[in-house]
Amino acid sequence: MTPGADNREFPEGAAIRPDGMPRRDFVKLLGASIALAGLDGCIREPDQKILPYIDGNNGVIPGVAQHYATSMTIDGFATGLIVESHEGRPTKIEGNPDHPASLGAAGVFEQAAVLQLYDPHRARRVTAGGRATTSQAALAAFAPAALANRVGATGAGLRLLLEPTSSPLTSAWLDRVRERYPSSRVYFHAPLQSAAQLDASRQTFGAPLLPRYDFTQADVVVALDADLLASGPFHLRYARDFSTRRQRPPRAELYVAECSPSPTGNVADNRLAASPTVIARLLASLLSTVAADPRTAARAIAVDHSASTLALSEAEKAWVSSAAGALLRAGARGVVVAGERLPVECHVAAHALNAMLGAAGQTVVYNASPIVGAGEPSHDIMALQADLASGDVDTLVILQGNPCYAAPGNVPLATQIKAIRNTLYLGMYDNETARASTWHIPAAHFLEAWGDSCACDGTESMVQPLIAPLYDGRTNDEILSVLAGAPDTAHALLRQNWQRRYSHVGDIGAAWTDAIQRGLVMGTQPPVTTNVRADAVVPAHRALIASAQAAPSAGTIDAVFAPSRAVYDGRFADNAWLQELPDPITKLTWDNAALLSPRSAQQLGVTSGDVVEVSVGNQSLRIPALVVPGHADGVTSLAIGYGRTGAEAIARGVGVNVNALRTSVAPHAAIGGRIRGTGDHVELAVTQGHWTLEGREDSVLGITPPPAPSDTTPASSQPRKRRPLTLYEPPAPSSAGFGADQWAMVIDLDQCTGCSACVVACQAENNVPVVGKDGVLASREMHWLRIDRYLSGPPETPSFDTQPMLCQHCEKAPCEYVCPVDATVHSDDGLNEMVYNRCVGTRFCSNNCPYKVRRFNWFDYNDELTPVEQMVKNPQVTVRERGVMEKCTFCVQRVRHAQRDADLAGAPHTGPVQTACQQTCPSQAIVFGSLTAPDSEVAKLSNDPRAFSALAEEGTVPRVRYLSRKRNAGA
């Protein structure tokens, strides 16, 4: 502290508003009813009838939540959701159990989307040239009568730019626009989109097809730079399927080669850190090895078998040998997955491997992409850039996305868009693209919109609003209908298109109702029969060999551009939940960094937090380094989505924009870059600073390390641990019948990937606040549930273990007997409860907790929330003020609700209860229930041979039990 600084914990004026009026006086003067008037005024249900999920009763009962089906779309692919609403306020998002892309699970982006709905930094007004105007004026300027004067009757000067879309409604209206303006052109762009996958299938099969994997049938999975369990349009299903398969013997094997550690790599049985060049070498060698084996002779492709003798390191040889051997043993029950952003040749090699194994049609099927214009030049950003540079464009309509920010550095879209005379941008934020455009219309959030979309398997998914647009937002389809000269509401457009497409259905009204209630139209696109073209595989294999044999230039480093696990491509950068969510691997928050392996960092002479300069071609940027064990040598990983300069207050200035280093030729990886230290240092907000257990794996993770070579004591004669002594009285036996529940949780560490979906779900359900970067730097993060990540082995090739850590609800809780005011107490049904009104903030309980899972609310983080921001709060959970301790409650509000329902129904036992973390978990790693319930899964698992308690020697007797991770032989 500096001399003279106020060092008190709560300095005078800390609770005073900047205008000098204490908040308590403010509330006293205005009254609670006036303070809440603004909140009520924000709530307005959609004008059209919306239908609850399954149950058709649309009556709203105060205090009783309603649930509605809808879909969220990212990069054109839909994920089905169920949204909880309280008196017209969407507050919680879950997965739709009927939807093939979610199966009831939800990821971090889906969970956090509800906070984006209430973001006070969303665009609130229509602007023209930066000045406020009306939506009527904006729409009139782009109606056919006005457009014809500028772009001609055929629309020769009209261009449209959209994000990739699979919406049947949007596709129909794009056709209507083309009919009216046949000379117009339509383009699509997403910064993370890769044409390699579709180009490879076109070369290999003769058609642009998407692979879809069935991991429930796979005995062996080989993933190359593919985070298939935690990213991508079908990852929620893949995580569920792979978890389901691993529970059946024989245990499925997972081989992973990747540049930077990922949640998929966390659970791999054999993981290899590999740069993009090394991955090409691995695929070339793997293809040669499998093709040369007699077991694939019937389907073999005559590739160059000498590639199996490429100059592989010993570790690479061992990985290829193990993976190839496992695949050959599995045959048709093996599958190879190539990451979406790998080059075309890698995808061709993966297709060839799956064909030779006989996996096609069993563990992998192919279907036509539902994306409009998939694989066509309209998805090439260079085609758009050349068109804009021609000078023939008078009017450009941009429907969402943020191309001025997200375009590669060598594509000057922002400059070109500013030069166009008439530009209309439909977007949720006053961002970089909005500021480059002439007109800006606020876009509707998907929870405010009617529409449709498709999952990557072709399942048609409905988009249903739960609330009327907060800021008069419009949808893509409404703007397209204006361009086509037939403006209407999104609901009317959707219903009309539905009637045209399903006119053959007998009862169109019943079909519509069923689709809206379920959130989807049952049925998927049928798989396509494929035949591999050898004339495509052979040259692709040769190209892989050539790239693998190319010697890297001295002193260079490769740069890999990856989606941020927090903000994706930047679209979620203003979402505080996601900004504060610790990265599953690095535990970094509120920033991006240049990830480096320990060896690369040592060679550069840098440590975590040291600022480095990364250069690709003639572009360079400064970014802090972060040393990551298990990262590939000779390469740095850079997350896109940061360094925003728009009006989003939370996103602005957070991290570094790495898009400047990307090029249209190499948007996902740059070979031959350079990196150097600058001598500067910054503090990174990392929530976990220690990564090893110092030999305590047995007590924390239930993993018994192998005996030392000198230990010759037979296992049967080794001393067993004694039960810890205790001063507590034994618990009284529970009475029979209702009220006899004893709640407990079991977490299977073998299924947990560490994806962190549970962390955001807990935050949304329990009104957990964010504290900002400064708060995280002070170790004051508030998450009730954290994901601990531990490493063992050498830093170059570590083994990873993740452990969700929450309040253990100890039967003999150390926190309870040190609390001087009885604020933390034990319930009759085994919950460790917090009485917030009693807590005076001594923090004795936190000091006495061996698990460090209790959070102290240092400040009133909810004090400055606007009425709109308050709408996200769950009304069934207390919003805590400063100075109290808070922690996981096992979602007690859900438990009590289920108990009330059982009591009203006269049931002897409480029905099934799902905590928020359990409900959203993609891999079903969390099980919650009553130990006394008949046939309780949690009771069975608590007595599983793999079950253990964290820090059991402390004698706390936790109600949270863990199942230790399994290890495949030889892994």
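Values in this document were obtained by computation on a predicted structure and should not be read as measured data. (Residues numbered from 1 in each chain as written. Predicted model: local features only at pLDDT ≥ 70, side-chain atom pairs only at ≥ 80, totals over all residues. Heavy atoms only, no water.)

### Considerations on the overall build of the protein
This is how it is decided: We count a stretch as a helix when DSSP gives it H or I for four or more residues in a row; a strand needs E for two or more, and each element gets its number in order from the N terminus. Relative accessibility thresholds used throughout: buried, under 20% of the residue-type maximum; exposed, over 50%; partly exposed, between the two (1.4 Å probe, protein chains only). Contacts are assigned to residue pairs that have any heavy atoms within 4.5 Å of one another.
Looking only at helices and strands, the protein has 30 helices and 37 strands in total. Within the protein, the fraction of its 971 residues that count as buried is 58%. Counting only contacts in the protein whose residues sit at least 6 apart along the sequence, the fraction spanning at least 24 positions is 74%.

### Focus: the pairing of strand β29 (residues 786-792)
One face of the sheet, then the other: side chains in a regular strand alternate in exactly this way. For clarity, the threshold we go by: Strands pair, by our definition, only if DSSP identifies at least two bridges between them.
The element β29 is extensively covered by neighbouring structure, given that 5 of its 7 residues are classed as buried. In this sheet, strand β30 (residues 799-805) lies alongside β29 in antiparallel orientation, the contact comprising 7 bridges. Looking at the pairing, R786 lines up with M805 of β30. Where β29 folds back onto β30 in an antiparallel hairpin, the turn is made up of 6 residues, including G793, whose phi is positive at roughly 95 degrees.

### Examining unusual backbone geometry
With an omega dihedral of -5 degrees, the bond running from P249 to P250 counts as a cis peptide bond. Its location among the elements puts P250 in the loop between α8 (235-246) and β10 (253-258). Of note, the phi angle at Q400 is positive, near 65 degrees, even though the residue is not glycine. By the secondary structure assignment, Q400 is in the loop between β14 (395-399) and α14 (403-406). For S756, which is not a glycine, the phi torsion comes out positive at approximately 80 degrees. For S756, the position within the fold is in the loop between β28 (743-748) and α24 (757-765). Exposure remark for S756: the relative accessible area of 2% places this residue in the buried category.

### Structural notes on the sheet that holds β28
Taken in spatial order, the 4 strands make up an open sheet running β35-β28-β37-β36, and their pairing is mixed. Both edges of this open sheet fall to β35 (926-930) and β36 (947-948), since each of them pairs with a single strand only. Summarising the sheet, β36 and strand β37 (residues 960-963) pair through 2 bridges and their orientation is antiparallel. When the bridges of β37 are listed, F948 appears paired with Y962.

### Description of the packing of helix α6 (residues 168-180) against helix α18 (residues 490-501)
Worth spelling out the cut-off: Helix axes are fitted only over the stretch in contact, all axes being lines through C-alpha atoms; the angle between N-to-C directions runs from 0 to 180 degrees. What sets the label is the angle itself: under 35 degrees gives roughly parallel, over 145 gives roughly antiparallel, 65 to 115 gives roughly perpendicular, and the rest give oblique.
Viewed as axis vectors pointing N to C, α6 and α18 meet at an angle of 90 degrees, and their least axial separation amounts to 10 Å. Judged on the interaxial angle alone, α18 and α6 are roughly perpendicular. Within the contact between the two elements, α6 uses P168, L169, A172 and W173 and α18 uses L493, L494, N497 and R501.

### Some remarks on the packing of aromatic side chains
Put simply, the rule is: Side-chain rings of Phe, Tyr and Trp (the six-membered ring for Trp) are treated as a pair once their centres are within 6.5 Å; stacked means planes under 30 degrees apart, edge-to-face means over 60, and tilted covers the remaining angles. Here, over-ring charges are defined by two tests on the NZ atom of lysine or the CZ atom of arginine: distance to the ring centre within 6 Å, and angle to the ring normal within 35 degrees.
Counting across every chain of the model gives 17 aromatic pairs. Taking 5.7 Å as the distance between ring centres and 80 degrees as the angle between the ring planes, the aromatic pair formed by W498 and W512 counts as edge-to-face. With a gap of 14 residues between them, W498 in helix α18 and W512 in helix α19 (residues 508-518) connect regions that are remote in the sequence. Each member of the pair, W498 as well as W512, carries the same accessibility label: buried. Note on F859 and Y861: the rings are 6.2 Å apart at their centroids and 85 degrees apart in plane angle, and the pair reads as edge-to-face. Residue class for F859 comes out partly exposed when judged on its relative accessible area of 33%. Within the aromatic cluster, the residues linked to one another by ring pairs are Y213, F215, F234, Y238 and F242. Positioned over the ring face of F142 is R150, at 5.3 Å from the centre of the ring.

### Comments concerning the sheet that holds strand β11 (residues 270-273)
Pairing is parallel in the open sheet, where 4 strands are placed in the order β11-β10-β9-β12. With partners counted over all chains shown, the strands left at the sheet margins are β11 and β12 (334-338), one partner each. Strand-to-strand, the axes of this sheet are offset by a mean angle of 10 degrees, without reference to chain direction. Pairing between strand β9 (residues 220-224) and β12: 5 bridges, direction parallel.

### Details of the nonpolar core
In plain terms, the rule: Take the buried Ala, Val, Leu, Ile, Met, Phe, Trp, Tyr and Cys residues and link them wherever side-chain atoms come within 4.5 Å; each set so joined is a nonpolar core.
Among the nonpolar cores identified, the biggest contains 111 residues, and I623, L638, M745, F890 and Y962 are the most heavily contacted of them. A total of 7 residues in this core trace back to one element, the largest contributor, which is helix α3 (residues 108-117). The residues touching I623, leaving out its near neighbours within four places in the chain, are N592, A593, A594, D610, V611, V612, V614, L638, V656 and V658. Core analysis: the second largest hydrophobic core is formed by 48 residues, A274, A352, M356 and I545 among them.

### Topic: the pairing of strand β17 (residues 451-454)
In β17, alternate side chains face the same way, and those of G451 and S453 on one face and D452 and C454 on the other are all buried. Note that β17 and strand β18 (residues 460-463) share 4 bridges and pair antiparallel. Within β18, the residue paired with D452 across the bridge is M462. Between the antiparallel neighbours β17 and β18 lie 5 residues, among them G458 with a positive phi of about 95 degrees.

### Side note on the pattern of salt bridges
Think of it this way: side chains of opposite charge can pair up when their charged atoms draw near. Note the following rule: Put simply, a salt bridge is a Lys or Arg side-chain nitrogen that is within 4 Å of an Asp or Glu carboxyl oxygen.
Inspection of the entire model under this criterion finds 42 salt bridges. In this structure, the salt-bridge partner of R571 is E163, at a minimum N-O distance of 3.2 Å. Here R571, found in the loop between β20 (557-563) and α21 (576-579), pairs with E163, found in the loop between β6 (158-162) and α6; they are 408 residues apart in sequence, far enough to count as distant. For R571, a relative accessible area of 22% translates into the label partly exposed. Accessibility expressed as a relative area gives 24% for E163, which makes it partly exposed. The partner of R251 in a salt bridge is D269, and the shortest N-O contact between them spans 3.8 Å. Of this pair, R251 sits in the loop between α8 and β10 while D269 sits in the loop between α9 (263-266) and β11, placing them 18 residues apart in sequence. Each member of the pair, R251 together with D269, is buried. Overlapping salt bridges bring together D75, E163, D569 and R571 as one network.

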